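Letter by letter, the chains look like this.
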Amino acid sequence: MTSKIRRFTLRAMFAAMCIAPLGMNMAAHADSPTKIGFLVKMPEQAWFINEQKAATALGQKENFSVVNIGTPDGEKVLAAIDNLGAQGAQGFVICAPDVRLGPAIRARAKRYSMKVVTVDDQLVDSSGKPLADVPHLGMSAFKIGNQVGQAISDEMKKRGWKPEEVGAIRITDYELPTAKLRTDGATQTLLANGFKKDNIFDAPQKTTDDEGGFNAASPVLSKHPNIKKWVVFALNEESVLGGVRATEQLHIPSADVIGVGINGAGEAFAEFQKKDQTGFFGTIAVSSTNHGKQSAQNLIDWIRNGKEPPADTQTTGKLMTRDNWQAVRTELGI
Ligand code: FCA
């Protein structure tokens, strides 16, 4: 009898030991917030810092956690997806270091049944066509480029510059479709406003940051010492700032330079706060906060409610200069 009771007690204890961790696990799973990744190509750039911050803040409000990862090359992207898979993440937002990684990224996400949405840079397949089944949110690139061209043209007129005496440094990245659309848009508007086609010089950049802009612009400036007035444009303000720094290096007076960027993030704010105006005239500000928040929201709604995000959301921008930057910044919640 006693041995029977003991056996029973032992069995019950054993059963309890087996069930307890299982039960705890299930409870932990039900309580633990949904987890997503937010992968960006340049984690040091203010634009991407803002996006990740906004996604994280939304997660705190809506009970999901965001794993922010910097993925400057293809290997890091794949390692990050593996890492997210191991952590049980259910999806990720990505701005990839190279949009042609599209099929590889999609395949790796599928391995872990993770959902993917892109932000800023849309993934493409091997023939350069956008991946239609990966929802995207990005700038209305060509239109924002048009705004860059208009801002430059207006400022040229205001300064009374004659088109024949002005050169343009077009800092380009033709491997990245959104970048090409932006500089194409700016070019179209400049030409429509009477800019001389022959005075536009291409400066291909290796990286889409200040250094990339500086290195691209310097040789173009050196090659044309006869041109005294310059305008500078590119896919983003970091690159334009690099171009403006190159004009400073050659002692071109800031009054003879009109640089207009795109983004409206930390570096532009720092530039507007300098005591004297530099060659950086302005930037078309887009809300990085909104990009981060909305792309994360789209992904979460997809994971939680099965609501597939719109295939392609395009955002708008607003000219920001020294005169209005604080107001625009507040308006866009940057
Ligand atoms: C690209 C650029 C970034 C930002 C983003 C919206 O990824 O590299 O600077 O402009 O598009």
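Calculation notes
Residues numbered from 1 in each chain as written. Predicted model: local features only at pLDDT ≥ 70, side-chain atom pairs only at ≥ 80, totals over all residues. Heavy atoms only, no water. UniProt positions renumbered as here; feature names shortened; annotations may be inferred. Near = heavy atom within 4 Å. Polar contact = N/O pair within 3.5 Å; in protein donor to acceptor, adjacent residues only side chain to side chain. Areas by Shrake-Rupley, 256 points an atom, 1.4 Å probe, with all protein chains shown as cover. Domains from an automatic or database assignment. Salt bridge = Lys/Arg side-chain N within 4 Å of Asp/Glu carboxyl O. Helix = DSSP H or I, 4+ residues; strand = E, 2+ residues; numbered from the N terminus. Buried < 20%, exposed > 50% of the residue type's maximum accessible area, 1.4 Å probe, protein only. Contact = heavy atoms within 4.5 Å. Pairing = 2+ DSSP bridges. Axes fitted to C-alpha atoms, helices over the stretch in contact; angles between N-to-C directions.

An unreviewed UniProt entry annotates the chain as L-arabinose-binding periplasmic protein originating from Paraburkholderia piptadeniae. Check the Sequence similarities (unreviewed entry) section of the UniProt entry for the chain; it says "Belongs to the bacterial solute-binding protein 2 family."

(A) Highlighting the site of the ligand. Surveying the vicinity of the ligand reveals 13 residues, the closest of which are Lys-41, Asp-121, Arg-182, Asn-236 and Asn-263. Taking Asn-263, its side chain carries an N or O atom lying 2.6 Å from an oxygen atom of the ligand. Compared with its free state, where it exposes 290 Å², the ligand has 100% of that area covered by protein. The residue makeup of the shell around the ligand includes at least three contributed by each of domain 1 (35-134 + 288-314) and domain 2 (141-285).

(B) Representation of the pattern of salt bridges within the structure. The tally for this structure, following the rule as stated, stands at 14 salt bridges. With its nearest N and O atoms 2.9 Å apart, the salt bridge here joins Asp-133 to Arg-106. In this pair, Asp-133 sits in the loop between β4 (115-119) and β5 (136-139) while Arg-106 sits in helix α4 (residues 102-111), placing the two residues 27 residues apart along the sequence. What makes Asp-133 partly exposed here is its relative accessible area of 45%. Judged by relative accessible area, Arg-106 falls into the partly exposed class, the value being 32%.

(C) Focus on the environment of Val-67. Mapped onto the elements of the fold, Val-67 is located in strand β2 (residues 64-70). For the pair Val-67 and Leu-84, spaced 17 residues apart in sequence, the C-alpha separation works out to 8.0 Å. Contacts of Val-67, omitting those with residues within four sequence positions, involve Lys-35, Ile-36, Gly-37, Phe-38, Leu-84 and Gln-87.

(D) Representation of the sheet that holds strand β1 (residues 34-40) in the model. Strand order in this open sheet of 6 strands is β2-β1-β3-β4-β5-β11, and the pairing throughout is parallel. Every other strand in the sheet has two partners, leaving β2 and β11 (312-315) as the edge strands with one partner each. Within the sheet, the average angular offset between the axes of one strand and its neighbour, ignoring direction, is 20 degrees. In this sheet, strand β3 (residues 91-95) lies alongside β1 in parallel orientation, the contact comprising 5 bridges. Looking at β3, one finds that Ile-36 is bridged to Gly-91.

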